[in-house]
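Secondary and tertiary structure notes
In case you want the letters, here they are:
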Amino acid sequence: MRAPNLPGKFNSLRTTGLPEQYGLTLVAEGAAAITKSERRCEKGIERKVKAMIEKAAASMEWRRYSPTAKAMHWTVAAIVIALLPEGAAMKRLVEEGPTKENLYTLHEAFGALVLLIMLARLTRRLAFGVPAPEPTLSPLERNASLAAQYALYVLLFVVPVLGWAGTNAYGDPVSVFGLFDFPTLMRKDQALSDRIFVWHLAGGLLIAFVVTLHVSGALYHHFVKRDGVLARMLPGKRR
């Protein structure tokens, strides 16, 4: 068996008088050492890449909304979108009678539920913070988004409280689906109740206006800009 054409120092085996088989053994050991070194290098690269991926995932995770935050957001959104037309309909289109009374009772109960959920949302927001803004937003878009969020937070506290106060001033309690009643805020005063409900109506119209802007902006980002603004709050798979 002829020895291969050995490079470098291994080629000197031809002139040292050492057996060719011994030279082949050295070559094999050298190749094995190189292979081990390459494997260690590959594992090191894999570890670095894995660490980078985990770091990027953690960064993206902070920009996502949790399932709890999403559930509260969409629950409030569904209730508010239902209450806005229901409130107008029961006031102007439904005649006095049991149907109108039932609609008022449901309106009060769902309005009270919105207030309770908003209290939970605010508590959670203060305790855990909120995700970082979508990095693709311009400063103007970021400020507009924050303004809409803050306006909705304020209105979704103020308007239900006005409804609560107006109902008490009318002489009725606010019952949460018959499970319990809210505390009474004020004694019966029909004239005051009428004025409070005017403010309640104005607040509802403001909510409708801000919600329209909010939804329009979310759809613009989703279908026109195609960024991750809306996807961060969509139910289901967390983006």
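Residues numbered from 1 in each chain as written. Predicted model: local features only at pLDDT ≥ 70, side-chain atom pairs only at ≥ 80, totals over all residues. Heavy atoms only, no water.

Among the structural elements, Leu206 can be located in helix α6 (residues 190-225). Along the chain, Leu206 and Leu152 lie 54 residues apart, while their C-alpha atoms are 9.1 Å from each other. (Helix = DSSP H or I, 4+ residues; strand = E, 2+ residues; numbered from the N terminus.)

Right, let's get into the packing of helix α3 (residues 67-92) against helix α4 (residues 98-128). Between α3 and α4, the least distance of the axes is 9 Å, while the angle of their chain directions is 150°. On the basis of their axis angle, the class for α3 and α4 is roughly antiparallel. You can see that α3 and α4 cross each other, and the crossing is left-handed. By residue class, the composition of the contact of α3 with α4 is 15 nonpolar, six polar and five charged. (Axes fitted to C-alpha atoms, helices over the stretch in contact; angles between N-to-C directions. Parallel < 35°, antiparallel > 145°, perpendicular 65-115°, else oblique. Left-handed = near helix turned anticlockwise from the far one by under 90°. Nonpolar A, V, L, I, M, F, W, Y, C, P; charged D, E, K, R; others polar.)

It should be kept in mind that the predicted coordinates are not to be read in detail where pLDDT is low. Put simply, the chain has an average pLDDT of 83, and 72% of its residues get 70 or more. For the chain, the element scoring lowest by mean pLDDT is helix α1 (residues 13-16), at 48; helix α5 (residues 139-170) scores highest, at 96. Here residues 55-62 scores under 50 on pLDDT; set against residues more than four positions off or in separate chains, the count is six contacts. (pLDDT = per-residue confidence, 0-100. Contact = heavy atoms within 4.5 Å.)

Structurally, Arg121 can be placed in helix α4. Buried Arg121, no salt bridge; nearest opposite-charge side chain is Glu134, N-O distance 16 Å. In this view, Arg121 contacts Met72, His73, Val76 and Tyr153; residues no more than four positions away in its chain are not counted. (Buried < 20%, exposed > 50% of the residue type's maximum accessible area, 1.4 Å probe, protein only. Lys, Arg positive; Asp, Glu negative; His and termini not counted. Salt bridge = Lys/Arg side-chain N within 4 Å of Asp/Glu carboxyl O.)

Formed by 24 residues in total, the largest nonpolar core has its most connected members in Val76, Val80, Val114, Met118, Leu156, Phe182 and Ile207. At the level of elements, α3, α4, α5 and α6 are the ones that each hand at least two residues to this core. Per-element accounting of this core gives the leading share, eight residues, to α5. Ignoring anything within four residues of it in the chain, the contact list for Ile207 reads Val80, Leu84, Leu152, Leu155, Leu156 and Val159. (Core = buried A, V, L, I, M, F, W, Y, C linked by side-chain atoms within 4.5 Å.)

Looking at the secondary structure, you find Glu141 in helix α5. At a separation of 3.0 Å, a polar atom in the side chain of Glu141 contacts the main-chain amide nitrogen of Ser138. Leave out the neighbours within four places in its chain, and Glu141 touches Thr136, Tyr220, His221 and Lys225. (Polar contact = N/O pair within 3.5 Å; in protein donor to acceptor, adjacent residues only side chain to side chain.)

Attention shifts here to the packing of aromatic side chains. By the definition in use, this model includes three aromatic pairs. On the basis of an interplanar angle of 85° and a centroid distance of 5.0 Å, the ring pair of Phe110 and Phe177 is categorised as edge-to-face. Taken together, the positions of Phe110 in helix α4 and Phe177 in the loop between α5 and α6 put the pair 67 residues apart, joining distant regions of the chain. Note on Phe110: relative accessible area 31%, which makes it partly exposed. One aromatic cluster in this structure is built from Trp164, Phe180 and Phe182. (Phe/Tyr/Trp six-rings, centres within 6.5 Å; stacked < 30°, edge-to-face > 60°.)

With that settled, consider the pattern of salt bridges. One pass over the full model with this rule turns up two salt bridges. Glu96 is paired through a salt bridge with Lys100; the nearest N and O atoms lie 3.4 Å apart. A relative accessible area of 65% means that Glu96 is categorised as exposed. A salt bridge links Lys225 to Glu141, with the shortest nitrogen-to-oxygen separation between them at 3.0 Å. Of this pair, Lys225 sits in helix α6 while Glu141 is found in helix α5, placing the two residues 84 residues apart along the sequence. Judged by its relative accessible area of 31%, Lys225 falls in the partly exposed class.

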